[in-house]
Amino acid sequence: MPLVVPGIQNTTGGDKNEWLNKLVGKKITESTHDVESFAKTDLPKSHRILRPGSPMTFDYRVERLNIHLNEQDRVQDVSFG
């Protein structure tokens, strides 16, 4: 869980709720963007896609959007770090 300090603004370049609204339930594709999918090209430059059970590094990058997929490869959550 990220550290939250009162009075300090989010400098990640994005808002979790905004990205959740855009991505939850969709599949991430290479270039198509429609009601069922979202194109990788429309994601922030600093992002990573995390599938269940896949290895990941634990380095924290405040600007990086983490996209968490479920077993059906659909977005179930997002976070920054």
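Cut-off values and rules
Residues numbered from 1 in each chain as written. Predicted model: local features only at pLDDT ≥ 70, side-chain atom pairs only at ≥ 80, totals over all residues. Heavy atoms only, no water. Buried < 20%, exposed > 50% of the residue type's maximum accessible area, 1.4 Å probe, protein only. Helix = DSSP H or I, 4+ residues; strand = E, 2+ residues; numbered from the N terminus. Pairing = 2+ DSSP bridges. pLDDT = per-residue confidence, 0-100. Contact = heavy atoms within 4.5 Å. Salt bridge = Lys/Arg side-chain N within 4 Å of Asp/Glu carboxyl O. Axes fitted to C-alpha atoms, helices over the stretch in contact; angles between N-to-C directions.

The name given to the protein chain in an unreviewed UniProt entry is Proteinase inhibitor I78, with the source organism recorded as Aspergillus wentii DTO 134E9.

Visitor: Pulling in residues and values, what's your account of the pairing of strand β4 (residues 65–69)?
Guide: The side chains of a regular strand alternate, first on one face of the sheet and then on the other. Within β4, four of the five residues are buried, which leaves it mostly tucked inside the rest of the structure. Pairing between strand β3 (residues 47–50) and β4: four bridges, direction parallel. The residue bridging Leu50 from the neighbouring strand is His68, located in β4. In terms of strand pairing, β4 meets strand β5 (residues 75–80) through five bridges, oriented antiparallel. Bridge pairing links Leu69 to Val75 in β5. Hairpin connection, β4 to β5: the antiparallel pair is bridged by five residues, and Asp73 has positive phi, about 60 degrees.

Visitor: Explain the confidence of the model for the protein chain residue by residue, including any values.
Guide: Overall, the predicted model of the protein chain reaches an average pLDDT of 86, with 84% of residues at or above 70. Ranking the elements of the protein chain by mean pLDDT puts helix α1 (residues 16–23) last with 95 and β4 first with 97. Confidence drops under pLDDT 50 across residues 1–12; counting only partners more than four residues distant or on other chains, this segment forms four contacts.

Visitor: I'd love a proper account of the environment of Val35, names of residues and values included.
Guide: Relative to the helices and strands, Val35 is located in the loop between β1 (27–29) and β2 (37–39). The exposed category is assigned to Val35, whose relative accessible area is 67%.

Visitor: I'd like a rundown of the pattern of salt bridges, residues and numbers included.
Guide: Per the stated rule, a full pass over the model turns up seven salt bridges. Between Asp77 and Lys16 there is a salt bridge, with the nearest N and O atoms lying 3.5 Å from each other. Of this pair, Asp77 sits in strand β5 while Lys16 sits in helix α1, and the two are 61 residues apart along the sequence. Looking at Asp77, the relative accessible area reads 28%, which means it is partly exposed.

Visitor: How would you sum up the sheet that holds β4? Please name residues and give values.
Guide: One key point about sheets: their strands pair by backbone hydrogen bonds, in either a parallel or an antiparallel sense. The strand order across the open sheet built from three strands is β3-β4-β5, with neighbouring strands paired in mixed fashion. The outermost strands of the open sheet, each flanked by one partner alone, are β3 and β5. Pairs of neighbouring strands in the sheet enclose a mean axial angle of 20 degrees, with direction left out of account. Across the sheet, α1 touches β4 and β5, and the angle it forms with β5 is around 155 degrees.

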